[in-house]
Amino acid sequence: EVIKFEPETVLLRPLVADCIDVIAITAVQKEIEIRNEIAPDQEVTADTHMLQTIIRNLVSNAIKFTPRGGYVQITACTPEKHFYKIAVKDTGIGISPERQQEIFRLDTNNKTKGTEGELSTGLGLILCKEYVEKHKGHIWVESTEGEGCTFYFTIKKS
């Protein structure tokens, strides 16, 4: 089944808040604070369902790979005139430079257990990449092992 791509103007903060609500229980169980630091007036042009999938995946992963007592922070800034750069930052275990090359690829094994043995299919990031690219954006990660990581993606401003 082909997923329809139906971009519309979306307020970012409430959309992120809704995504957090869906997965908040997992964060509460692990004593991880989720900080939605997106400004109330930031609007994007996006397919709502795809954008929710991207955010949920990135925040779920951040929770999965962050030890108890850590935090996950979601921000959006404007490095370019027409795009927001959205960041999902965590205080987790981080990703080695070798793994960073592989996590968005389908031909590698991306199954990594979380800090409390949480299972992973390794497909979430591949789906995120596909959805971000459908929006003509980019997705990438910056990480230092043992110090957490930040996933970034760009999306068109409204």
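Scroll up to find the structure this text is about.
Structural notes, computed from the coordinates.

Cut-offs used in this document
- Residues numbered from 1 in each chain as written.
- Predicted model: local features only at pLDDT ≥ 70, side-chain atom pairs only at ≥ 80, totals over all residues.
- Heavy atoms only, no water.
- Pairing = 2+ DSSP bridges.
- Helix = DSSP H or I, 4+ residues; strand = E, 2+ residues; numbered from the N terminus.
- Axes fitted to C-alpha atoms, helices over the stretch in contact; angles between N-to-C directions.
- Expected span 1.5 Å × (residues − 1).
- Buried < 20%, exposed > 50% of the residue type's maximum accessible area, 1.4 Å probe, protein only.
- Polar contact = N/O pair within 3.5 Å; in protein donor to acceptor, adjacent residues only side chain to side chain.
- Disulfide = S-S within 2.5 Å.
- Bend = angle between axes of the 7 residues up to and from the residue.
- Contact = heavy atoms within 4.5 Å.
- Phe/Tyr/Trp six-rings, centres within 6.5 Å; stacked < 30°, edge-to-face > 60°.
- Core = buried A, V, L, I, M, F, W, Y, C linked by side-chain atoms within 4.5 Å.
- Salt bridge = Lys/Arg side-chain N within 4 Å of Asp/Glu carboxyl O.

1. Some details on the sheet that holds strand E7 (residues 149–156)
Strand pairing in a sheet relies on backbone hydrogen bonds, with the paired strands running either antiparallel or parallel. Taken in spatial order, the five strands of this open sheet run E2-E4-E5-E7-E6, and their pairing is mixed. Here the strands that pair on one side only, and so sit at the sheet edges, are strand E2 (33–36) and strand E6 (139–143). Strand-to-strand twist of the sheet, defined as the mean angle between neighbouring strand axes without regard to direction, takes the value 20°. Pairing of E6 with E7 involves five bridges; the strand directions are antiparallel. Residue tryptophan 140 lies in a different strand from E7, and its bridge partner there is tyrosine 152.

2. Remarks on helix H2 (residues 48–64)
Between its first and last C-alpha atoms H2 spans 24 Å; for 17 residues at 1.5 Å apiece the expected length is 24 Å, and the two agree. Taken across its 17 residues, H2 has 14 buried, putting it largely inside the fold. At the N-terminal boundary of H2, the capping side chain belongs to aspartate 47, with an oxygen 3.1 Å from the backbone nitrogen of histidine 49.

3. So, the state of the cysteines
Within this structure, the stated rule accounts for zero disulfides. Here cysteine 77 stays free of any disulfide, with the sulfur of cysteine 149 as its closest cysteine sulfur at 17 Å. Relative accessible area serves as the criterion here: at 37%, cysteine 77 is assigned to the partly exposed category. For cysteine 128, which is in no disulfide, the shortest distance to another cysteine sulfur is to cysteine 19 and amounts to 11 Å. Look at cysteine 128 and you get buried, because its relative accessible area is 0%.

4. So, helix H1 (residues 12–29)
Compared with an ideal rise of 1.5 Å per residue, which puts 18 residues at 26 Å, H1 spans 26 Å between its outermost C-alpha atoms and is within 8% of the ideal. In the structure, H1 departs most strongly from a straight axis at isoleucine 23, where the bend amounts to approximately 60°. For H1, every residue scored as buried is listed here: Leu12, Leu15, Val16, Cys19, Ile20, Ile23 and Ala27. Packed against the buried residues of H1 are strand E1 (8–11), E2, strand E3 (43–46), H2, strand E4 (71–80) and strand E5 (83–90). Positive backbone phi, at 60°, marks glutamate 31, one or two positions downstream of H1.

5. Thoughts on the packing of aromatic side chains
Note on aromatic pairs: each is described by the distance of the centres and the angle between the planes. Scanning the entire structure with this criterion turns up two aromatic pairs. Taking 6.1 Å as the distance between ring centres and 80° as the angle between the ring planes, the aromatic pair formed by phenylalanine 104 and phenylalanine 151 counts as edge-to-face. With phenylalanine 104 in the loop between helix H3 (97–102) and helix H4 (124–134) and phenylalanine 151 in strand E7, the pair connects residues that are 47 residues apart, well separated along the chain. Each member of the pair, phenylalanine 104 together with phenylalanine 151, is buried.

6. Describing the pairing of E2
Along E2, the buried face is formed by Ile34 and Asn36; none of Glu33 and Arg35, which line the opposite face, is buried. With four bridges connecting them, E2 and E4 associate as parallel partners. Directly across from glutamate 33, in E4, lies its bridge partner tyrosine 71.

7. Considering the nonpolar core
Counting residues in each nonpolar core, the largest one holds 40 residues, and the members touching the most others are Leu51, Leu58, Val59, Ile74, Phe151 and Phe153. Those elements giving two or more residues to this core turn out to be H1, E3, H2, E4, E5, H4, E6 and E7. Beyond its immediate stretch of four places on either side in the chain, phenylalanine 151 contacts Leu58, Ile86, Ala87, Val88, Ile95, Ile103, Phe104, Leu125, Trp140 and Val141.

8. A word on the pattern of salt bridges
Oppositely charged side chains can form a pair if their charged atoms are brought close together. In the structure shown here, the tally under the stated rule is seven salt bridges. For glutamate 116, the salt bridge is made with arginine 68, and the minimal N-O distance between the two is 2.8 Å. Taken together, the positions of glutamate 116 in the loop between H3 and H4 and arginine 68 in the loop between H2 and E4 put the pair 48 residues apart, joining distant regions of the chain. Residue arginine 105 pairs with aspartate 107 through a salt bridge whose shortest N-O separation is 3.0 Å. On the basis of relative accessible area, aspartate 107 is assigned to the exposed category, the value being 60%.

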